[in-house]
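Below, each chain spelled out in residue letters.
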Amino acid sequence: TDPMISTSDYEFPANPWKLFNPTGGAVEEDADLNFIGRGGAVYLFTGGQFIWPGVRIGHVTKVPIPVGGDDGKHKIVEMKTVSLRPLVFVLSEFLSDEECEYIKRYGASRMQPSRLATMDSTATEEGVRTSTQTFMTRGGSAEIRALEERAHN
């Protein structure tokens, strides 16, 4: 190690790296590269964790998302880059109409008046805020767990 470049007293392991195919699957063996085909794109990420590349604002790519259980079924949705910093995507039709209705019903039964952080704990919040809010409990129902699993994957 060149002492003019590295002045740390600690040894840090190098970040691991990994190759991924255009749908986020790991490229781990020759068969994965053969499946991608000649001229196909692969992404190299240090840290070994896949992160969808933003490419540019307005870029649209089709991505598979899991639906159902562990049976491997998926649907293809469009993912559009709307911001690069922070990296923000919009996924069209990520939720079905039925899932949206379920979330609204689930949340509606748990709504509470929004709280206000006051500088003086003796101050009253009455009449200051008129909004309501809720927080969805992680794993709060089978339907919520399925949505969390889809969002995670």
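**Q** Can you walk me through the sheet that holds strand β5 (residues 74-84) in this structure?
**A** Picture the strands of a sheet paired through backbone hydrogen bonds; they go either parallel or antiparallel. Spatially, the three strands line up as an open sheet ordered β4-β5-β6, and their pairing is antiparallel. Looking at which strands have only one partner, the edges of the open sheet turn out to be β4 (60-66) and β6 (87-91). Each neighbouring strand pair of the sheet contributes to a mean axis angle of 40°, computed without reference to strand direction. By the bridge criterion, five bridges tie β5 to β6 in an arrangement that is antiparallel. By the bridge assignment for β6, M79 is matched with L91.

**Q** What's the story with helix α2 (residues 97-108) in this structure? I'm lost.
**A** Think of an α-helix as 3.6 residues a turn; residues three or four steps apart then line up on the same face. In this model, α2 (twelve residues) spans 16 Å end to end at C-alpha, consistent with the 16 Å of a helix rising 1.5 Å per residue. When we look at burial in α2, the residues that qualify are E99, Y102, Y106 and G107. The buried side chains of α2 occupy one side of the element, clustering within an arc of 125° when seen end-on. In α2, those exposed residues whose orientation departs by more than 90 degrees from the buried face are D97, K104, R105 and A108. Turning to α2, the residues buried within the fold contact α3 (142-152).

**Q** Help me out: how do you make sense of the sheet that holds strand β1 (residues 17-20) in this one?
**A** Read from one edge of the open sheet, three strands run β2-β1-β3, paired in antiparallel fashion. Strands at the two margins of the open sheet, each flanked by one partner only, are β2 (26-27) and β3 (43-46). Pairing between β1 and β2: two bridges, direction antiparallel. Bridged to L19 within β2 is V27.

**Q** Would you explain α3 in this entry?
**A** Considered for burial, the residues of α3 that qualify are I144, L147 and R150. For α3, the angular spread of buried residues about the axis comes to 120°, placing them on one side. Its buried side turned inward, α3 meets β4 and α2.

The rules behind each value
Residues numbered from 1 in each chain as written. Predicted model: local features only at pLDDT ≥ 70, side-chain atom pairs only at ≥ 80, totals over all residues. Heavy atoms only, no water. Pairing = 2+ DSSP bridges. Helix = DSSP H or I, 4+ residues; strand = E, 2+ residues; numbered from the N terminus. Axes fitted to C-alpha atoms, helices over the stretch in contact; angles between N-to-C directions. Expected span 1.5 Å × (residues − 1). Buried < 20%, exposed > 50% of the residue type's maximum accessible area, 1.4 Å probe, protein only. Arc of directions from axis to C-beta. Contact = heavy atoms within 4.5 Å.

In short, the description is geometric, and any link to function would need to be established separately.
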